[in-house]
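Given next are the chains, with one letter for each unit.
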Amino acid sequence: MTQDEPSPNPMPALGARRFLFVTGKGGVGKTTVCAALAMKLAARGQRVLIAMCNTKERLSAILGTRPIKDEIAEVSPNVWAVNISPERALEEYGGIVLKVRAITRAVFDNRYTKAFFRAVPGLYEWAILGKAWWHTTELLADGSNRFDVVLLDAPATGHGLDMLRVPKVILDVVPPGVLRRDAEAAWGMFRDPAQSGVLVVTLPEEMPATETIELVGAIRDELGLPVVGLVINGVLPALFSKVERDALLHDHGLLDVAAPRRTAGTGDSAIVAGARRAAREAVQAESLARLERSLDLPMVRLPFLFDEASTVAGTRILTAKL
Ligand SMILES: Nc1ncnc2c1ncn2[C@@H]1O[C@H](COP(=O)(O)OP(=O)(O)OP(=O)(O)O)[C@@H](O)[C@H]1O
Ligand SMILES: [Mg+2]
């Protein structure tokens, strides 16, 4: 497949799933993709919850809404969002298990308990992942789902994998009880490709492409979880053909760090700018080809946004491409 031939669009199948775990290298556009995908599904009439992992959230800027806190709030028709606080999630969970509010308070407000929780490996990850999953089980009074789809705007690569490892660890080490029962139900959903999947986001660049291929391998082989698709974000339109690129890249002087200054104000500055763009396009073409060759996944490409990045208008452009 060449740079100009987009892959088949995988998105129609995504909305059929109840839970999507969106991950990828830091800064590749996970939050941006969650926003665009939520708008897409919401426009089809699905009720979508975007759950964030206790992060300095930028989703509200992308969607043009009020800041998103640890309380679920509707941010757009059919789209809700929450920035999950693990402490609060644990307290809510404890409240369900312990039933009596005063006891819950006594347990969770206690500074020794807090220190203890912080020291239990994976507990905070589970508090976030478990809460996000739990929202797929909530029903409205009429028996319909409170949310049709939960999109978890998950942590970047390594931390995202750590988070996904936790339910399995709970199943392996925790004795039967409420915690184990929920982890079992969540793990059952996460492993079922009809109900759930991991959506990986990447950029058409060398390192992100390499990390993505490794990440997909780890999710599938180590965790045995379905990867439902790959979003290649920030794809530049190809201005040059391969022949033109090669011609521009042939003269290494054009890519020299000093070249822009040396040619400033002269006719050659356009050629230097062209060579730089050609170099970027060459890396992009190589990365796209490598991703397509290495991964047997539905892929969708999203365009690089120049002025509209992180804006409502930009989100609309990306939504239309999904
Ligand atoms: N298609 C795009 N074109 C141009 N800029 C983009 C695009 N998608 C995202 N960006 C920009 O890239 C930056 C990172 O995007 P975003 O916050 O969605 O990434 P992230 O993967 O969620 O990051 P983090 O790992 O920090 O959570 C933002 O400044 C955003 O505006
Ligand atoms: Mg993010």
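Residues numbered from 1 in each chain as written. Chains lettered and ligands numbered in written order. Predicted model: local features only at pLDDT ≥ 70, side-chain atom pairs only at ≥ 80, totals over all residues.

**A look at the overall build of the protein**
Line of reasoning, step 1. Counting its secondary structure elements, the protein contains 14 helices and eight strands.
Line of reasoning, step 2. Going through the 322 residues of the protein one by one, you find that 38% of them count as buried.
Line of reasoning, step 3. For the protein, the proportion of contacts with a sequence separation of at least 24, taken over those separated by at least 6, is 70%. (Helix = DSSP H or I, 4+ residues; strand = E, 2+ residues; numbered from the N terminus. Buried ≥ 20, exposed ≤ 12 C-beta atoms within 10 Å, placed from the backbone. Contact = placed C-beta atoms within 7 Å.)

**Considering the site of ligand 1**
Line of reasoning, step 1. The environment of ligand 1 is formed by 16 residues, the closest being K30, T31, T32, A309 and S310.
Line of reasoning, step 2. Looking at the shell around ligand 1, the elements that each hand over two or more residues are helix 2 (30–43) and strand 7 (227–235).
Line of reasoning, step 3. The biggest single contributor to the shell around ligand 1 is helix 2, with three residues. (Near = placed C-beta within 6 Å.)

**Points about the sheet that holds strand 7**
Line of reasoning, step 1. What the eight strands build is an open sheet, ordered 3-4-2-5-1-6-7-8; its pairing is mixed. Looking at strand neighbours, the two that pair on one side only are strand 3 (73–76) and strand 8 (299–303), the edges of this open sheet. Between one strand axis and the next, the sheet turns by 25° as a mean value, whatever way the strands run.
Line of reasoning, step 2. In terms of strand pairing, strand 7 meets strand 8 through four bridges, oriented parallel. Looking at strand 8, one finds that V231 is bridged to V300. (Pairing = 2+ DSSP bridges. Axes fitted to C-alpha atoms, helices over the stretch in contact; angles between N-to-C directions.)

**Considerations on the confidence of the model for the protein**
Line of reasoning, step 1. Averaged over every residue, the pLDDT of the protein is 89; residues scoring 70 or more account for 90%.
Line of reasoning, step 2. Across the protein, element-level confidence peaks in strand 5 (residues 149–153) with a mean pLDDT of 98 and bottoms out in helix 5 (residues 101–108) with 64. (pLDDT = per-residue confidence, 0-100.)

**Observations regarding the pairing of strand 6 (residues 196–202)**
Line of reasoning, step 1. Most of strand 6 is tucked away: seven of the seven residues are buried.
Line of reasoning, step 2. Of the two faces of strand 6, the one lined by S196, V198, V200 and T202 and the one lined by G197, L199 and V201 are each fully buried.
Line of reasoning, step 3. In the sheet, strand 1 (residues 19–23) pairs with strand 6 via five bridges, with the strands oriented parallel. Within the sheet, the bridge partner assigned to F19 lies in strand 6 and is S196.
Line of reasoning, step 4. Sheet topology places strand 6 next to strand 7; five bridges connect them, and they run parallel. In the strand pairing of strand 7, L199 is matched with G229.

**Comments concerning the packing of helix 8 (residues 157–173) against helix 9 (residues 178–191)**
Line of reasoning, step 1. For the pair helix 8 and helix 9, the least separation of the axes is 9 Å and the interaxial angle reads 135°. Looking at the two axes, helix 8 sits oblique to helix 9. As helix 8 packs across helix 9, the resulting crossing turns out to be left-handed. Contact with helix 8, carried on its side by P167, K168, I170 and L171, involves L179, R180, A183, E184, A186, W187 and F190 of helix 9 and no other residues of that element.
Line of reasoning, step 2. Across the contact of helix 8 with helix 9, the residue classes tally to eight nonpolar, no polar and three charged. (Parallel < 35°, antiparallel > 145°, perpendicular 65-115°, else oblique. Left-handed = near helix turned anticlockwise from the far one by under 90°. Nonpolar A, V, L, I, M, F, W, Y, C, P; charged D, E, K, R; others polar.)

**Some details on the nonpolar core**
Line of reasoning, step 1. Formed by 76 residues in total, the largest nonpolar core has its most connected members in V22, A38, V48, I50 and L151.
Line of reasoning, step 2. Top element by residues in this core is helix 2. It accounts for nine residues.
Line of reasoning, step 3. Non-local contacts of V48, meaning those with residues more than four positions away in its chain, are made with A38, L41, A42, N78, V79, F147, D148, V149 and L151.
Line of reasoning, step 4. The next biggest cluster of nonpolar side chains, apart from the first, holds six residues, and it includes L248, L254, A275 and A278. (Core = buried A, V, L, I, M, F, W, Y, C linked by C-beta atoms within 7 Å.)

**Examining helix 8**
Line of reasoning, step 1. Taking 1.5 Å per residue as the helical rise, helix 8 with its 17 residues ought to reach 24 Å, and the 25 Å between its terminal C-alpha atoms agrees with that figure.
Line of reasoning, step 2. Along helix 8, the sharpest kink reaches roughly 30°, centred on V166 and followed within four residues by the proline P167.
Line of reasoning, step 3. All buried positions along helix 8 are accounted for by T157, G160, M163, L164, V166, P167 and I170.
Line of reasoning, step 4. Looking at the packing, one finds that the buried side of helix 8 touches strand 1, helix 7 (123–134), helix 9 and helix 10 (206–222). (Expected span 1.5 Å × (residues − 1). Bend = angle between axes of the 7 residues up to and from the residue.)

**Some details on the environment of A194**
Line of reasoning, step 1. Inspection of the secondary structure assignment puts A194 in the loop between helix 9 and strand 6.
Line of reasoning, step 2. The exposure class assigned to A194 is exposed, which follows from the 11 C-beta atoms found within 10 Å.
Line of reasoning, step 3. Taking the C-alpha atoms as reference points, A194 and F19, separated by 175 residues in sequence, lie 9.9 Å from one another.

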